[in-house]
Amino acid sequence: AAGGASRGSVGASRVPSPTPGALCAQRPGAEPRRPLSVPFEWCGEPRERLRGELSSQKKFDEIKKANQAAARKLAEEQFSSSSEDDDEDAEIKQGKILAKTFTIYTNQTDGDASELERTRQYMNEAFQSGAMTCLICIASVKRNQAVWSCCGCFCIFHLVCIQKWAKDSLFLVSSPLTDDDFGKKDYPWPCPKCRFEYKRSETPNKYYCYCGKVENPTVDPWLVPHSCGQICEKEFKPPCGHKCLLLCHPGPCPPCPKMVTTSCHCRKAKPVPRRCSAKEWSCRLPCGRMLLCGQHTCENPCHSGDCQPCPRVSKQRCICGRQTAERLCASPQWQCEQVCGKALPCGNHTCEQVCHAGPCGDCPRSGKRSCPCGKSKFTLPCTEDVPTCGDSCDKVLECGIHKCLQRCHRGPCEICRQEVEKQCRCGKHTKRMPCHKPYLCETKCTKIRDCQKHQCRRKCCPGNCPPCDQVCGRTLGCRNHKCPSGCHRGSCNPCPETVDVKCNCGKTVIKVPCGRERTIKPPKCKQLCSRPPTCHHPTQEKHYCHFGRCPPCRQSCQKTLTCGHLCPVSCHDEALVKQTGIHQFAGPWEQPSEPAFIQTVLPCPPCEVPIPVECFGQHEVSPLPCHSAGPYSCKRFCGRLLSCQNHTCMKECHHVTKINSNADGKKAGPECLQCEEECTKPRPLGCPHRCVLPCHPGDCPSCLQMLKIKCHCKLSALYIECLKLTSADVKEKDLLTSCKNQCPKQVSSETNKQKNLKKHLGPK
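The model shown is predicted, which means the values in this text are computed figures rather than measured ones.

**Student:** How should I be thinking about the packing of aromatic side chains in this particular structure?
**Tutor:** Centre-to-centre distance and the angle between the planes together describe a pair of aromatic rings. Tallying each qualifying case throughout the model produces five aromatic pairs. Seen in terms of ring centroids, Trp148 and Trp189 are 5.9 Å apart; in terms of plane orientation they differ by 50°. Their pairing is tilted. With Trp148 in strand E3 (residues 147-149) and Trp189 in strand E5 (residues 189-190), this residue pair connects regions lying 41 residues apart in the sequence. Here the two residues Trp148 and Trp189 agree in accessibility, since each one is buried. Their ring planes at 70° and their centres at 5.4 Å tell us that Trp148 and Tyr198 sit as a pair that is edge-to-face.

Written as structure tokens, this is what we have:
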């Protein structure tokens, strides 16, 4: 028992039990401990229990860590994608973030918010569902992913994707080079979208915010995704000396909002303060600068750049001076189409040049002239032609190998007709044939072109195989189009097309990269649904544009019921009704499917308009539903006065037929009970008999029964009619109750004294 108690106490307090050594040990100076009547095996039980507790605690800690990691991951995913902020709260939040980003531009510089539309569009795409898409992998760009933005088109890509793109592009460009040339030239790589070229050294290797100040910006739900939240401070383009004042943002910087003092293009007007982005302006006054013609001034309004050519027309002579025509003042030099025709110094020929300036020059046939082959020269008058020399021509023919064997002749030489042993272009075959004919064999080249996919297949190829002329034709990542480029190595360029994702009515449109239209959510449209109503109502309830079926009509039915009232319940023309009992299971192996619902028109429910209705017995008027309105029983007693004029009908409220329309409504009808009670009217005083009639109206009949009474002396029995006795007065009653005999009673002395006293005193 002691051991059991000790065990219970240890287990209840959850204190580890002492070891066997501790049970035997004693403190110095302490009294000897009493030996515990506990078996030795029990001392190891708490140790095993402690081990179990430690393992349970370890498992609990592991589960706790796993739950914390799952919660942390869930929290990251909540802000990871830009496609999750598509409810009304997210729109309000987005508006606040945009307003915060544009605060410095609109407030401190008085900037016009309309100039921010292009930047606002890029920022809206950063928030819109799926608008930020990497064109390389055709996947959404999430908030917590490292990105890179092109400085030409401001398109956003995953950092890993653009690094792989740059590496592949550089490899494809440098692959045709020889080993000696490889790496000596810094070949650029292009942006996948706008083809803006970057140097090899500009390949991104770190994740920066849009303005490039912060590396690895933290995820902040109250900032634009991938923004550091600091002022941009990028130089404006074109450079004006000022910096962007927006918070770190995607897309191009807005126009410079600073105010500067500047004059107009022609410098005539006084300088005025204007926005730096629109500092060039026109005063609209005439320009007045001298034109190139040297005679007129520019009459156009104040403009930038050079003045236009003089638009005036004047009469001007041609170069030779023979003709005069009206021409633009801006082009005074012109030629007529007449041949000069002036006599040359030789006196035998005329100038054959078309309208020209200056002297005509010497006769082209004067001086020493060569024969057609050019070997002999002759000095002859300009009127004589140069003769042939009779020597061989020896001009190199078109083949470039042989010479013309004819004698000196006028005109072109003939084609080379010598037969030679010619080698084909690819060098695999030879043939003896005329020199002027090219020799191409029929052997097709089997070399692989630069695409590393197709053979050259060109006949008699000299070895410089041209680039592959076939179309790539591979399906792009969008899965809608095929690559239109020539056959190439490596991955294809992203699909350049964009697709319009529209709402159901088509008035709200967002542009997404091709291929994303299958996974993108349609934009939220603020236009009202324009579909015709599918119920009997002329118009449907106002709701926004949507896909799928319109929501059930919640308007009041308002159909006219058979009673004439309007149905007040919600429209039930398209009610979903559960179908049951359609399919019978063939056996227990068939699993029951979800119940099927069909859309049907339900009849209007019974009319519930309250109608005041009087009960059968006209006791009360109660409002009853129109569909059940009609005479009813109020469950009270009828209460109509029966024909006996003494009792009322005790039946439950019932219908009563009126025999006479002018009769009293409180009288009993044929449906009421007939009174079967005895007459209970009070009898005349002294009549002990009941009324011989049943319950009846009016007075009871006279009682004709005989009463047996004793006379005053109690000696005789008298029989008297009840009516006479009850209707008689006191004296008559005394006479009727007297037997007319002598009274046998003795008068007492006291009685005599009273009689004598009355006689002596007399009447009062």
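Don't stop here, the text continues.
**Student:** Hey, could you run me through the pattern of salt bridges in this one?
**Tutor:** When the charged atoms of two side chains with opposite charge come close together, those side chains can pair. This structure, assessed with the given rule, holds 17 salt bridges. We note a salt bridge from Asp391 to Lys375, for which the minimum N-O separation is 3.4 Å. With Asp391 in the loop between strand E12 (377-379) and strand E13 (419-423) and Lys375 in the loop between strand E11 (368-370) and E12, this residue pair connects regions lying 16 residues apart in the sequence. For the salt bridge of Arg636 with Glu620, the shortest nitrogen-to-oxygen distance reads 3.1 Å. Residue Arg636 is located in the loop between strand E20 (621-625) and strand E21 (706-710), and its partner Glu620 is located in the loop between strand E19 (610-614) and E20; the two are separated by 16 residues in the primary sequence. What makes Arg636 partly exposed here is its relative accessible area of 44%. In the salt-bridge network here, residues are joined through shared partners; they are Lys375, Asp391 and Asp394.

**Student:** What am I meant to see in the environment of Val354 here?
**Tutor:** The topology assignment puts Val354 in the loop between strand E10 (324-328) and E11. For Val354, a relative accessible area of 43% translates into the label partly exposed. With residues up to four places along the chain from it excluded, the contact list for Val354 reads Cys336, Glu337, Gln338, Val339 and Cys340.

**Student:** So what exactly am I meant to see when it comes to a positive patch on the surface here?
**Tutor:** A cluster of like positive charges, contributed by Lys708, Lys710, Lys714 and Lys745, occupies part of the molecular surface. Summarising the element assignment, Lys708 is placed in strand E21.

**Student:** How should the layout of surface pockets be read in this particular structure?
**Tutor:** One water molecule sets the probe size; rolling that probe over the atoms shows where empty space is left. Here the largest pocket is characterised by a volume of approximately 990 Å³. What lines the largest pocket is a set of 43 residues, among which Cys151, Phe154, Lys234, Lys237 and Cys253 lie closest to the centre. Contributions of two or more residues to the lining of the largest pocket are made by E3 and strand E6 (197-198). Of the residues forming the lining of the largest pocket, the biggest block, three residues, is contributed by E3.

Definitions and cut-offs
- Residues numbered from 1 in each chain as written.
- Predicted model: local features only at pLDDT ≥ 70, side-chain atom pairs only at ≥ 80, totals over all residues.
- Heavy atoms only, no water.
- Phe/Tyr/Trp six-rings, centres within 6.5 Å; stacked < 30°, edge-to-face > 60°.
- Helix = DSSP H or I, 4+ residues; strand = E, 2+ residues; numbered from the N terminus.
- Buried < 20%, exposed > 50% of the residue type's maximum accessible area, 1.4 Å probe, protein only.
- Salt bridge = Lys/Arg side-chain N within 4 Å of Asp/Glu carboxyl O.
- Contact = heavy atoms within 4.5 Å.
- Patch = residues over 30% accessible without salt bridge, like charges linked within 9 Å, V, L, I, M, F, W, Y side chains within 5 Å.
- Areas by Shrake-Rupley, 256 points an atom, 1.4 Å probe, with all protein chains shown as cover.
- Lys, Arg positive; Asp, Glu negative; His and termini not counted.
- Charge placed at Lys NZ, Arg CZ, Asp CG, Glu CD.
- 1 Å grid on protein atoms, 1.4 Å probe; cavity = no way out; pocket = protein on both sides within 12 Å on 5 of 7 lines; lining within 4 Å.
- Points joined across faces, edges and corners; volume = space filled by probe spheres on them.

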